[in-house]
Amino acid sequence: MKTFRRIGVLTSGGDAPGMNAAIRAVTRAALSKGIEVMAIYRGYQGLIDGDVAPLSLRDVSNTINKGGTMLYSARCPEFKTEEGMKKAIATCEKYHIDGIVALGGDGTFRGATDLSMRGIPCVGIPCTIDNDITATDNAIGYDTAMNTVIDNVDKLRDTGESHARCNVVEVMGRDAGDIALSTAIASGATAAVIPEFPFDQDALLNKMQLSRALGKRNFIVIVSEGMGADYGPALAERIDKETGIETRFIRLAHIVRGGNPNLRDRVMATEMGAFAVDCLLEGHSNIVICERHGRIKAKDIRFALILDRIYKNRLKEGDLEGFSQEELEEMHDVAAGKRARMQKLYEIENRVNI
Ligand code: ADP
Ligand code: F6P
């Protein structure tokens, strides 16, 4: 089994609240076992450029509560090229980086697979506000991001009530409606518009007119970013014109990605960070740390990436090859479970929020 003297840690793709807590946990868990830790700055770009430096216990002090990522992040197309990969491996050899903990989303995990295949063992930690890694019930940053959304929507509700307005609020999530659906429920929104389910605008307009006639002053409609950039503004305009209810469109955008991580994200990040180090030192590679029904476990990155395709109905030829019957059943169960959960939440949102 490979012996580890030094590991690297990096953050890649979109940042997420709780990344710092995970970096801190990785660093301290490794140091506690006598393993040195190298910070790799700006994700895979820093690995290519050799932008690395040792991390000490004290370097990660006062970070557990901070949003963003102290290692910075970057999108790095060069890493997908043969040339970029060679430079990244050269950095690992030059600085004796024996393994890497990579924090990010599915793109980051694809990069981690490429490195693992080239002999640099990698463990991924899911950090994305989108919560679009189906293999884990929760990704680091998701819970904080949803709380940020409802804080902002509560403020919009105050002014909406004063002026008897409707606020159409677009929230991030890439092509996943997870943030939009849960925050619509939690903010008492009249509707959640998400890519997972067809949406009937006429029915919404009728419902709003009826409610207005019965005295409802303010309305909130949450639209997922995955509906496309023009959808929210066009819906706001339609509501305004066709119902006579004065309507504003608000895009929360990157506000949702910032801010201090909440308790849940800090605890999960700490647990996942320490577990990732243990997995790496035990000889595991090309895995992602997941939370399922409150338990932290490791799954192969390929399992996680193909499970996402099953959930999104985007399977490609040959995707299911190489998996055992048990793994295939597990993937189908998890995907079906997530679909059922989304369906249930969607029905509740429509039933309870008027
Ligand atoms: P996220 O990790 O949040 O999904 P991205 O999709 O932007 O964010 O991916 C982060 C980085 O991971 C990319 O900038 C790139 O360096 C690397 N990456 C993404 N896809 C691949 C891939 N197919 N092969 C190798 N590296 C990849
Ligand atoms: O994946 C996180 C995320 O914030 C998505 O919700 C959003 O679509 C995307 O990243 C925005 O990316 P960027 O920060 O490059 O604008």
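Residues numbered from 1 in each chain as written. Chains lettered and ligands numbered in written order. Predicted model: local features only at pLDDT ≥ 70, side-chain atom pairs only at ≥ 80, totals over all residues. Heavy atoms only, no water.

1. So, the packing of aromatic side chains
Okay, step 1: The final tally for this structure, using the stated rule, is 3 aromatic pairs.
Okay, step 2: Their ring planes at 10° and their centres at 3.9 Å tell us that Tyr44 and Phe79 sit as a pair that is stacked. Of this pair, Tyr44 sits in helix 2 (residues 43-49) while Phe79 sits in the loop between strand 3 (52-54) and helix 3 (82-94), placing them 35 residues apart in sequence.
Okay, step 3: Take Tyr44: its relative accessible area is 5%, and that puts it in the buried class.
Okay, step 4: Aromatic side chains Phe197 and Tyr346 sit 4.5 Å apart centroid to centroid with 25° between the ring planes, which places their arrangement in the stacked category. On the criterion of sequence distance, the pair formed by Phe197 in the loop between strand 7 (191-193) and helix 7 (201-213) and Tyr346 in helix 11 (residues 325-352) is long-range, its members being 149 residues apart.
Okay, step 5: With relative accessibility at 15%, the residue Phe197 sits in the buried group. (Phe/Tyr/Trp six-rings, centres within 6.5 Å; stacked < 30°, edge-to-face > 60°. Helix = DSSP H or I, 4+ residues; strand = E, 2+ residues; numbered from the N terminus. Buried < 20%, exposed > 50% of the residue type's maximum accessible area, 1.4 Å probe, protein only.)

2. What to know about the site of ligand 2
Okay, step 1: The full set of residues close to ligand 2 is Arg75, Asp130, Met172, Gly173, Arg174, Glu225, His254 and Arg257.
Okay, step 2: The separation between an oxygen atom of ligand 2 and a polar side-chain atom of Glu225 is 2.8 Å.
Okay, step 3: Take His254: an N or O atom from its side chain is 3.0 Å from an oxygen atom of ligand 2.
Okay, step 4: Across the complex, the protein chains shield 75% of the 400 Å² of accessible surface that ligand 2 would expose by itself. (Near = heavy atom within 4 Å. Polar contact = N/O pair within 3.5 Å; in protein donor to acceptor, adjacent residues only side chain to side chain. Areas by Shrake-Rupley, 256 points an atom, 1.4 Å probe, with all protein chains shown as cover.)

3. Quick look at the site of ligand 1
Okay, step 1: The immediate surroundings of ligand 1 are formed by 15 residues, with Arg75, Cys76, Gly105, Asp106 and Thr108 found nearest.
Okay, step 2: Gly105 is positioned with one of its backbone polar atoms (N or O) 2.9 Å from an oxygen atom of ligand 1.
Okay, step 3: Between ligand 1 and Thr108, the relevant distance is 2.5 Å, taken from an oxygen atom to a side-chain nitrogen or oxygen of the residue.
Okay, step 4: Here ligand 1 loses 82% of its free accessible area of 550 Å² to cover by the protein chains.
Okay, step 5: If one sorts the elements of the shell around ligand 1 by residue count, helix 4 (residues 106-117) sits on top with 6 residues.
Okay, step 6: Across the shell around ligand 1, the residue classes break down as 3 nonpolar, 7 polar and 5 charged. (Nonpolar A, V, L, I, M, F, W, Y, C, P; charged D, E, K, R; others polar.)

4. Here's the deal with the packing of helix 5 (residues 142-163) against helix 6 (residues 178-186)
Okay, step 1: Where helix 5 contacts helix 6, the two axes come as close as 9 Å, and the packing angle between them is 45°. Our classification of the angle between helix 5 and helix 6 gives oblique. The handedness of the crossing between helix 5 and helix 6 comes out as right-handed. Each of Tyr142, Ala145, Met146, Val149 and Ile150 in helix 5 lies in contact with helix 6, whose residues at this interface are Asp178, Ile179, Ser182, Thr183 and Ala186. (Axes fitted to C-alpha atoms, helices over the stretch in contact; angles between N-to-C directions. Parallel < 35°, antiparallel > 145°, perpendicular 65-115°, else oblique. Left-handed = near helix turned anticlockwise from the far one by under 90°. Contact = heavy atoms within 4.5 Å.)

5. Here we look at the domain arrangement of the protein
Okay, step 1: Split into domains, the protein comes out as domain 1 (6-141 + 261-314) and domain 2 (143-258 + 340-352).
Okay, step 2: Using only C-alpha atoms to locate each centre, domain 1 and domain 2 end up separated by 33 Å.
Okay, step 3: Tallying the contact residues gives 16 residues for domain 1 and 16 residues for domain 2.
Okay, step 4: Buried surface at the junction of domain 1 and domain 2, summed over both partners, amounts to about 1300 Å²; 42% is from carbon and sulfur atoms.
Okay, step 5: It is Ile129, Asp130 and Asn262 that lose the most area in domain 1 upon contact with domain 2, and together they represent 37% of the buried surface on that side.
Okay, step 6: Along the contact surface separating domain 1 from domain 2 lie 3 salt bridges.
Okay, step 7: Between domain 1 and domain 2 we count 8 residue pairs in polar contact (both at pLDDT 80 or more) in total.
Okay, step 8: Counted by class, the side of domain 1 that touches domain 2 contains 4 nonpolar, 4 polar and 8 charged residues. (Domains from an automatic or database assignment. Buried area = accessible area lost by both parts, 1.4 Å probe. Salt bridge = Lys/Arg side-chain N within 4 Å of Asp/Glu carboxyl O.)

6. What to know about the pairing of strand 6 (residues 166-171)
Okay, step 1: With 6 of 6 residues buried, strand 6 lies mostly within the body of the structure.
Okay, step 2: Side chains of strand 6 alternate between two faces, with Cys166, Val168 and Glu170 and Asn167, Val169 and Val171 buried alike.
Okay, step 3: Here strand 6 runs beside strand 8 (residues 219-224); their pairing, made up of 6 bridges, is parallel. When the sheet's bridge partners are listed, Glu170 is paired in strand 8 with Val223.
Okay, step 4: Across 5 bridges, the pairing between strand 6 and strand 9 (residues 247-251) is parallel. Bridging across to strand 9, Asn167 finds its partner in Arg248. (Pairing = 2+ DSSP bridges.)

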